Amino acid sequence: MMVLLLTVAIWLSLLAIACAAAKAIIPPVDLVEGFFAGAAGSISFALPVNGFAGIGLMQSAWAYALNLVGHDWSCGIAAGILWNGILIIGSSFVAVIAAIPGTRSGRSYSNSD
């Protein structure tokens with residue numbers, strides 16, 4: 001059960017970041033459109049394609065999803081790049097914290113809930 005709760009928490013935080021990134025570039029984006037673009041970008045990571053037209057697949061998925069709901073293609077690409085940058089910076093921040101000696105408890109976890 002804990003794994004399911006953590007998965008839901010991770011997806012909700014990713015979708016909140018996606019909505020914030022989309023709103024930063026395209027102010028009239030509503031919550032559902034931001035979630036849709038973020039979900040499209042996340043799902044695109046599973047595809048075995050590297051990229052096309054000089055942009056990555058994730059940015060293309062963002063742009064396509066936002067284009068489907070009536071927003072400009074270039075704004076969708078910019079929002080996808082911003083979202084990707086936020087995730088990279090956030091992951092780097094967590095990695096630096098995890099690398100600091102003494103911040104981990106040394107406990108081992110098992111997959112049995």
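What counts, and at which threshold
Residues numbered from 1 in each chain as written. Predicted model: local features only at pLDDT ≥ 70, side-chain atom pairs only at ≥ 80, totals over all residues. Heavy atoms only, no water. Helix = DSSP H or I, 4+ residues; strand = E, 2+ residues; numbered from the N terminus. Buried < 20%, exposed > 50% of the residue type's maximum accessible area, 1.4 Å probe, protein only. Contact = heavy atoms within 4.5 Å. Areas by Shrake-Rupley, 256 points an atom, 1.4 Å probe, with all protein chains shown as cover. Lys, Arg positive; Asp, Glu negative; His and termini not counted. Salt bridge = Lys/Arg side-chain N within 4 Å of Asp/Glu carboxyl O. Axes fitted to C-alpha atoms, helices over the stretch in contact; angles between N-to-C directions. Parallel < 35°, antiparallel > 145°, perpendicular 65-115°, else oblique. Left-handed = near helix turned anticlockwise from the far one by under 90°. Nonpolar A, V, L, I, M, F, W, Y, C, P; charged D, E, K, R; others polar.

Chemist: Describe the overall build of the protein, with residues and values.
Modeler: On a plain count of helices and strands, the protein comes out with four helices and two strands. The order of helices and strands in the protein, counted from the N terminus, is α-α-β-β-α-α. A burial count over the protein gives 28% of its 113 residues as buried. Contacts spanning at least 24 positions in sequence make up 52% of the contacts within the protein whose residues lie at least 6 apart. Per element, the accessible surface of the protein, about 7400 Å² overall, is 72% carbon and sulfur.

Chemist: Account for the side chain of Glu 33, naming residues and giving values.
Modeler: One can find Glu 33 in helix H2 (residues 31-44). No salt bridge is formed by the buried Glu 33, whose closest oppositely charged neighbour, Lys 23, lies at an N-O distance of 7.6 Å. Once residues lying within four places of it in the same chain are set aside, the contact partners of Glu 33 are Pro 28, Leu 66, Val 69 and His 71.

Chemist: Please give an account of the packing of helix H3 (residues 57-68) against helix H4 (residues 73-99) that cites residues and values.
Modeler: H4 packs onto H3 with a crossing angle of 135 degrees between their chain directions and a minimal axis gap of 7 Å. Viewed along their axes, H3 and H4 adopt a mutual orientation that is oblique. Relative to H4, the crossing made by H3 is right-handed. Where H3 abuts H4, its residues Met 58, Gln 59, Ser 60, Trp 62, Ala 63, Tyr 64, Leu 66 and Asn 67 lie against Trp 73, Gly 76, Ile 77, Ala 79, Gly 80, Ile 81, Trp 83 and Asn 84. Residue classes in the contact of H3 with H4 are distributed as ten nonpolar, six polar and no charged.

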